Amino acid sequence: MPLMGGTLRAPSLYLIIPFLHHRYPSLRLRLRLLGHSIKHFSSPASSTNFAVSPQRHSVEHPVGNPTKPRTKQIKPPKRNQTELAQTPLNIMNARSLDAAVKEKKAKSVKQKRREFHESPAGLLQRGLDQCSKRGNTVRAFELYDSAVADGIPLSIRHYNCLLYLCSLPSSPGVSNGQGDSACDVALKDPEAKFNDSEVSKMAVERGFEIYKRICEDPDVEPNEATLTSMARLAAMKGAPHLAFDLVKQMVKMGMPPKLRSYGPALYGFCDKLNVEMAHEVETHMDTHGVIPEEAELAALLRAYAIKGRAHHVYRLLHRIRTLIRQVSEPTAEIIQSWFQSDAAAAVGASKWDIQKIKQGIVQGGGGWHGQGWLGTGQWRVERSVMSEDGVCKNCREKLVCIDIDPSETEGFARSLMDLPYFKKNRYEFSRFKEWLKKNGPFDAVIDAANVSLCNQREFNFYQINSVIKRIMEVSPSKKMPLVILHARRVYDETAAAPKNRQLIESWKRANCLYYTPKGSNDDWYWLYAAVCNKCLLVTNDEMRDHLFQLLGTSFFPRWKEKHQVRMTFSHRGPTLHMPPPYSIVIQESESGSWHIPTTTGDDLETPCQWICATRETTKAVAGGITSAKSDTDNMKRRTQQFVS
């Protein structure tokens, strides 16, 4: 029986048999038998018969010349396993197999997800999520009570959603445990009245009932979110000790507590002015590497100030100096109230060692000595601003400039590469680093997009060029600054204008233009270039969005203060506003005065407002006592020598 219904030719078999071997492994034995029997196939007289063996393919001359049988052996090319795996057919089959496996997995995941969403537990979760978004506590408890009555198994996600709703500051409709909400009770009984405290009390009671059910359910394991919600409920109940115990329970269960976990206990103790327990919570946070933010520090500062704990107030001011630098208006009011209090007036040294103060300033890096309150008497507290040279317009004291350790800058540059954005675009940034290494260093980096659109409706290349010229005038090396521009700005219609194209080409020839690839964020490029080159950064961007929040509050604000150059434009051209010659941070002087910067103002149009706290003091020096005024100028000069 002829194969494939007709004449069989050797080239056709030579291509078909390996394909069938690979595609259909179960047919290999049949193909071998078929190969042995092919030579017996008959064909029309006009066709040529071929004998094919499974090991080597032979071609016989036509049957019409039997006297000189000649056989020409055709050997298939030898291929190793790597070559066979890399053939187009095998690659295509492997890819199709991988795609099929992935598709099957995706279908199984989608199917499981669909089955869960359609299940009673999935419908309950969807309803609780909607209640959580809308803050509808009444509906959430109705769903919960119905699920418990129907025997629907609840997961920790269900419970966490319910506990979150219970721990909200005020829920205007909390179930009373009998299926009636506070609103329903009010409708049934018009004389019934519910204030916020009663509503919160109902929420706390239902929350503890739910937590008891969690503890009794062997299939549910509480997590950090569960215990944090319970800590909030404990604080609402007026039991900060219980909230603190829940944090300790997290540690015992191997859950690292977060800042939100400590909040209920810390705020609870501070509200009760229990400063001993508040200090214990603060110590527990430090032990487990949880860094407080301004809200937590302000709560501690308020409690210590009211209780008159001057030592802790002094310690917290220096901690705010390190972690926050500039304080918000609510925190500024707490600080101002402390300096105006009788407790602040009663504390302070009337005599101190000048050499020890000087040594403390050197060890602290400038701007503070850390030796405690200096001076006695009432404080004079006023709001003030600084001149361009950093002189307080209230007390005429000059602030100091605190330098940045070069090792900190290098460590910060390395830490940038560990951010998710840099890891995701590692290849592009490696090219950028090589380009910087080849064409750098630069004295300044220009955020071209920000510069061109400053007071402009359209992209202005000539405004960028004017800033470049101004930077070159003040640059020590007179070298052109680095211009960072997005690729779409280089090839759009505005850039295609002849004059704009001439500017772009001139920047390219000077090797000072780098345009970031499509889909990238140019903010990271100019930031990385400025940090690596230890140079100025020309931009009006305040760098306060979520991207720069990833950089933390320890080093980046100090670096920004020292390197950012802002600008304004007029008919005369650009005006550069260089970094201030003083540090915008809480400063404690040798004479005992304090200057606390606030976030009020702090831009080109409105200067930063400072709290200036001073009082009449005397100083002890070697050989006797001198007045503060006669010795202040000498100490200022000495301090400048140490911090420079």
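For the structure given in this document, a descriptive report is provided here. The model shown is predicted, which means the values in this text are computed figures rather than measured ones. (Residues numbered from 1 in each chain as written. Predicted model: local features only at pLDDT ≥ 70, side-chain atom pairs only at ≥ 80, totals over all residues. Heavy atoms only, no water.)

### Quick word on the side chain of Thr226
The topology assignment puts Thr226 in helix H10 (residues 224-236). Under the relative-accessibility criterion, Thr226 is labelled buried at 0%. A polar contact is formed between the side chain of Thr226 and the side chain of Asn160, at a distance of 2.5 Å. If we ignore the near neighbours within four places in the chain, the residues touching Thr226 are Ile156, Asn160, Leu163, Tyr211 and Ile214. (Helix = DSSP H or I, 4+ residues; strand = E, 2+ residues; numbered from the N terminus. Buried < 20%, exposed > 50% of the residue type's maximum accessible area, 1.4 Å probe, protein only. Polar contact = N/O pair within 3.5 Å; in protein donor to acceptor, adjacent residues only side chain to side chain. Contact = heavy atoms within 4.5 Å.)

### Considerations on the sheet that holds strand E10 (residues 573-577)
Ordered in space as E7-E6-E5-E8-E9-E10, the six strands form an open sheet in which the pairing is mixed. Edge strands, defined here as strands with exactly one partner in the open sheet, are strand E7 (513-516) and E10. Taken over all neighbouring pairs, the strand axes of this sheet differ in orientation by 25 degrees on average, direction set aside. Relative to E10, strand E9 (residues 564-570) runs antiparallel, the two being bridged by five bridges. What sits directly across from Phe569, in E10, is Pro574. Seen against the sheet, helix H21 (residues 426-439) touches strand E6 (482-486) and E7 and runs at an angle of roughly 180 degrees to E7. Here helix H28 (residues 556-563) sits on the sheet and contacts strand E8 (536-538) and E9; the angle it forms with E9, its principal contact strand, is near 45 degrees. (Pairing = 2+ DSSP bridges. Axes fitted to C-alpha atoms, helices over the stretch in contact; angles between N-to-C directions.)

### A few points about the nonpolar core
General note: in soluble globular proteins, nonpolar side chains tend to be found buried as a group. Within the largest apolar cluster, 74 residues are counted, with the highest numbers of intra-cluster contacts made by Ile210, Phe339, Trp373 and Trp594. Once you skip the residues sitting within four places of it in the chain, Phe339 turns out to touch Leu317, Ala344, Trp373, Trp379, Val381, Trp594, Ile596 and Ala613. Within the second largest apolar cluster, 55 residues are counted, among which are Leu416, Ile464, Tyr514 and Val531. (Core = buried A, V, L, I, M, F, W, Y, C linked by side-chain atoms within 4.5 Å.)

### Section: H10
Relative to the 18 Å expected for 13 residues at 1.5 Å per residue, H10 spans 18 Å between its end C-alpha atoms, a close match to the ideal helical length. Residues of H10 that are buried include every one of Glu224, Thr226, Leu227, Thr228, Ser229, Met230, Ala231, Leu233 and Ala234, and no others. Its side-chain oxygen 3.3 Å from the backbone nitrogen of Ala225, Asn223 forms the N-cap of H10. Two residues or fewer past H10, Gly238 is found with a positive phi of approximately 85 degrees. (Expected span 1.5 Å × (residues − 1).)

### Let's talk about the packing of H10 against helix H12 (residues 259-271)
Packing of H10 against H12 leaves a shortest axis separation of 8 Å and a crossing angle of 15 degrees. The angle between the axes of H10 and H12 places the two elements in the roughly parallel class. Our pair here, H10 against H12, has a crossing hand that is left-handed. Contacts between H10 and H12 involve Glu224, Ala225, Thr228, Ala231, Arg232 and Ala235 from the first element and Arg260, Ser261 and Pro264 from the second. Here the residues of the contact of H10 with H12 sort into four nonpolar, two polar and three charged. (Parallel < 35°, antiparallel > 145°, perpendicular 65-115°, else oblique. Left-handed = near helix turned anticlockwise from the far one by under 90°. Nonpolar A, V, L, I, M, F, W, Y, C, P; charged D, E, K, R; others polar.)

### Remarks on unusual backbone geometry
Look at the link from Gly440 to Pro441: it is a cis peptide, with omega at 0 degrees. Here Pro441 is to be found in the loop between H21 and strand E5 (444-447).

### Looking at the packing of aromatic side chains
Applying the stated criterion across every chain, the model contains 23 aromatic pairs. Aromatic pair Phe339 and Trp373: ring centres 5.9 Å apart, planes at 85 degrees, arrangement edge-to-face. Remark: Trp373 occurs in the loop between helix H18 (354-364) and strand E4 (380-384) and Phe339 occurs in helix H16 (residues 329-339); sequence separation between them is 34 residues. Per residue, the accessibility class of Phe339 equals that of Trp373, and both read buried. Ring geometry for Phe556 and Trp559: centres 6.3 Å apart, planes at 15 degrees, overall stacked. Here Trp559 and Phe556 lie together in helix H28, a separation of three residues that amounts to about one turn. Each of the two residues, Phe556 as well as Trp559, counts as buried. Three or more aromatic residues joined by ring pairs make a cluster, and in this case those are Phe429, Phe432, Trp435, Phe442, Tyr514, Tyr525 and Tyr528. The ring of Phe208 has Lys237 lying over it, and the distance from NZ or CZ to the ring centre is 4.6 Å. The ring of Phe442 has Lys479 sitting right over it, with the charged end atom 4.5 Å from the ring centre. (Phe/Tyr/Trp six-rings, centres within 6.5 Å; stacked < 30°, edge-to-face > 60°. Lys NZ or Arg CZ within 6 Å of the ring centre and 35° of its normal.)

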